[in-house]
Amino acid sequence: MPAAVLEQTINGLMSGSVYVLVALGMVLIYGVMHVLNFAHGVLFMLGGYVCHFFFTRVTGSYALSVLLSMGVLALVGIALERGVFRPLHGNLRNQVIASLGLILVIENLVVAVWGPNALQMKVPATEQLVPLGALRFPLQHLLVILVTFAVVAALFLFLKFSKPGTAIRAASQDRLAAMVVGIPVERIDWTTFALGTALAALGGALIGPLFLVFPLMGDAPMVKGLAGILLGGMGSVPGAVIGGLLIGVVESLSTLVLPTDYRDSVAFVVMVLILLARPQGIFGVRVRGED
Amino acid sequence: MRKALLLVATVLLYALPSLAAGTPYLIHVLVLCCVYAIPAVGLNLMLGYAGLVSLGHMAFAGIGAYAAAVLMVDAKLGFWAALALGVAAAGASGAAIGAVCLRFRSHFFMIVTLAFGLMLYSVMNNWDDVTRGAQGFPGIPRPAPLGSLSFGPLQNFYYLALTAALAAFAVQWRVVRSDYGRTLMALRQDERLAAARGVNAMLYKTSVFALGSAIAGLGGILHVSFLRVAAPATFNLAESINAVLIVVVGGAGSLAGPALGALVFVGLPEYLRVANEWRLVVFGALLVLLVLFAPRGLAGLIPSGKK
């Protein structure tokens with residue numbers, strides 16, 4: 001494999017991993033509550049800032065900061081589910097509009113608190129280089145990929161075999177039937193929201209040391225995550241993983257033949273073309289948004 | 001009663017520059033209110049009446065603005081011809097892109113419109129030869145004089161923006177009170193039932209997407225002609241989201257909604273003189289509260305004459 005292709009594949013897998021973390025959270029929340037949370041990107045960004053805060057102000061340990069950031073964002077997720085999304089249950093349009101309002105609130109609160117400039121997070125793993133074939137990559141690149149794969153594996157096991165995981169799957173398949181058999185769906189709602197926002201925080205905390213922490217850092221991962229979800233098939237967890245990775249690798253490889261300025265558009269062109277040909281996505285459950 | 005009120009308000013708006021002479025700042029803010037209200041009218045037709053939540057609306061305002069800018073600066077076309085062609089370009093691209101987006105529904109539709117909005121923004125931002133790229137498109141002329149009326153002075157530009165906004169509201173009123181508008185509302189309420197009654201849903205939805213985009217184009221052209229420069233950031237995702245917020249805060253599906261929304265979005269923070277990030281915090285919070293407690297927006301809080 002030529003070095004340039006290998007380099008872009010690794011880069012693509014890394015950004016794809018971040019998209020996967022965002023997409024997983026959104027797809028879990030969508031599955032259980034039918035909420036499409038457009039504020040997921042700013043929660044990702046908030047995760048990066050909270051991690052930065054713990055890392056630079058409280059503890060010097062990066063791993064601990066990442067975990068603390070996930071915990072804080074899980075609490076934020078629970079608060080949002082309780083305060084905003086639960087009262088709007090069943091009203092798709094208003095939930096989406098409320099999530100757009102949350103983007104403004106959270107993004108600009110972050111600017112008010114931390115300022116508009118990008119912050120640096122000096123984590124040792126960004127300096128350390130790992131040889132891979134003819135190339136050398138920062139350890140953090142590989143860490144992002146490995147941590148994501150581990151989290152995806154753990155999430156699959158959790159959803160497949162644990163009792164709360166089974167309850168989440170049941171609630172997303174048929175909410176009413178889940179209630180009938182005694183699953184506390186409201187508890188499932190906030191658990192899923194907390195899980196989703198914690199995954200977003202993990203994404204922000206992992207990418208922060210590589211590409212700085214700044215107010216708009218969540219925008220691209222959010223829209224690419226959405227593209228990944230649609231590509232994989234709305235409501236499908238494996239689809240979100242495959243879709244997110246695919247978007248990351250395709251857009252990264254596209255830079256070998258196209259100007260990098262249009263890198264961001266490649267993901268959407270691929271998404272729209274595939275959806276027109278195969279509206280249910282790769283692992284499709286729902287067709288073109290019809291419920 | 002309502003008609004009289006409307007008439008008084010219109011006369012007042014036209015008389016304002018003479019009444020409040022020597023307050024260019026106020027007139028400046030009102031011009032901005034107008035150029036924000038016009039695209040919001042287009043979106044209100046789509047979102048409020050036809051139920052189509054587009055998250056890429058301002059990109060179509062951008063198509064109109066950049067098309068007119070290229071026609072005026074590079075093709076040396078007059079302002080009014082460029083205005084007409086720019087509006088037509090926005091409408092045509094709305095029809096073409098809308099036809100693709102409308103093959104998807106509800107959440108999918110939103111995501112696909114968002115994707116197209118980002119793609120169009122990327123073109124505006126990167127196609128340096130035509131759009132001048134991220135630095136913006138400088139040297140856009142003010143509207144050509146009509147007879148002896150020149151639009152260089154702020155006060156006269158205000159008259160033009162106000163007239164354009166009123167025209168957009170008049171179009172909205174005509175559409176909403178027509179069979180066409182009633183069909184759109186029927187589609188929003190129950191598309192299957194409307195289709196069963198013989199309504200060509202795709203045709204109606206595509207046409208309102210095109211109409212909304214054309215109106216957005218009008219707003220975009222006036223916006224860049226007022227600022228004398230077109231910048232991609234005027235038409236990015238954040239602005240598209242702001243357009244949704246203006247419509248919803250004002251009251252989606254109400255005739256006066258876009259005007260109230262634009263007034264609150266542009267006017268209130270100018271009045272309060274708060275920093276930009278706090279204005280958006282307040283606006284976002286206001287939006288969430290309205291959606292939670294007053295889903296019909298500000299217009300819904302005003303008691304209507306007929307019950």
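Look up: the structure comes first, before these words.
Residues numbered from 1 in each chain as written. Chains lettered and ligands numbered in written order. Predicted model: local features only at pLDDT ≥ 70, side-chain atom pairs only at ≥ 80, totals over all residues.

Let's talk about the overall build of chain A
So, point 1. The number of helices and strands found in chain A is eleven helices and two strands.
So, point 2. Listing the helices and strands of chain A from first to last along the sequence gives α-α-α-α-β-β-α-α-α-α-α-α-α.
So, point 3. A compact globule built from 291 residues would reach a C-alpha radius of gyration of about 19 Å, and chain A, at 19 Å, matches this within 12%.
So, point 4. The C-alpha extent of chain A, read off along each of the three principal axes, is 60 × 50 × 35 Å.
So, point 5. Of all 291 residues assigned to chain A, the portion counted as buried reaches 53%.
So, point 6. Contacts spanning at least 24 positions in sequence make up 73% of the contacts within chain A whose residues lie at least 6 apart. (Helix = DSSP H or I, 4+ residues; strand = E, 2+ residues; numbered from the N terminus. Rg over C-alpha atoms; globule rule 2.2 N^0.38 Å. Buried ≥ 20, exposed ≤ 12 C-beta atoms within 10 Å, placed from the backbone. Contact = placed C-beta atoms within 7 Å.)

Points about the overall build of chain B
So, point 1. Helix and strand content of chain B: 14 helices and two strands.
So, point 2. Taking 19 Å as the expected radius of gyration for a compact globule of 307 residues, we find that chain B reaches 19 Å, a close match to that expectation.
So, point 3. Overall, the C-alpha framework of chain B stretches about 55 × 50 × 40 Å when taken along its three principal axes.
So, point 4. Residues classed as buried in chain B amount to 51% of the 307 residues present.
So, point 5. Partitioning the contacts of chain B with sequence separation of at least 6, the portion at a separation of at least 24 is 76%.

Let's talk about the pairing of strand β2 (residues 135-138) of chain A
Residues and elements named next belong to chain A.
So, point 1. Inspection of the sheet shows strand β1 (residues 129-132) paired to β2 by four bridges, in the antiparallel sense. Within β2, the residue paired with L132 across the bridge is L135.
So, point 2. Where β1 hands over to β2, the hairpin turn is made up of two residues, of which G133 adopts a positive phi near 65°. (Pairing = 2+ DSSP bridges.)

Digging into the nonpolar core
So, point 1. In this structure, C34, I38, A115 and V244 of chain B are the most contacted members of the largest nonpolar core, which totals 206 residues.
So, point 2. Beyond its immediate chain neighbours, meaning those up to four positions away, A115 of chain B contacts A227, F268, M271 and V272 of chain A. (Core = buried A, V, L, I, M, F, W, Y, C linked by C-beta atoms within 7 Å.)

Some remarks on the interface of chain B and chain A
So, point 1. Of the residues lining the interface, 34 residues belong to chain B; the matching set on chain A comes to 36 residues.
So, point 2. At the level of secondary structure, the elements contributing two or more residues to the side of chain B that touches chain A comprise α5 (106-126), α11 (237-250) and α13 (276-293) of chain B.
So, point 3. Top contributing element to the side of chain B that touches chain A by residue count: α5 of chain B, with 13 residues.
So, point 4. Considered class by class, the residues forming the side of chain B that touches chain A number 26 nonpolar, five polar and three charged. (Nonpolar A, V, L, I, M, F, W, Y, C, P; charged D, E, K, R; others polar.)

Let's talk about unusual backbone geometry
All names here are of chain A.
So, point 1. We note that H34 has phi near 60°; this positive angle belongs to a residue other than glycine.
So, point 2. Within the secondary structure, H34 is located in the loop between α1 (3-33) and α2 (40-58).
So, point 3. Of the residues examined, H34 has 17 C-beta atoms within 10 Å and is grouped as partly exposed.
So, point 4. Phi is positive for L212, close to 70°, though the residue is something other than glycine.
So, point 5. Among the structural elements, L212 can be located in the loop between α8 (185-211) and α9 (219-232).

A short note on α2 of chain A
So, point 1. Over its 19 residues, α2 of chain A extends 26 Å from the first C-alpha to the last, a length consistent with the 27 Å expected when each residue adds 1.5 Å.
So, point 2. Counting buried residues along α2 of chain A, 15 of its 19 residues qualify, which places the element largely inside the surrounding structure. (Expected span 1.5 Å × (residues − 1).)

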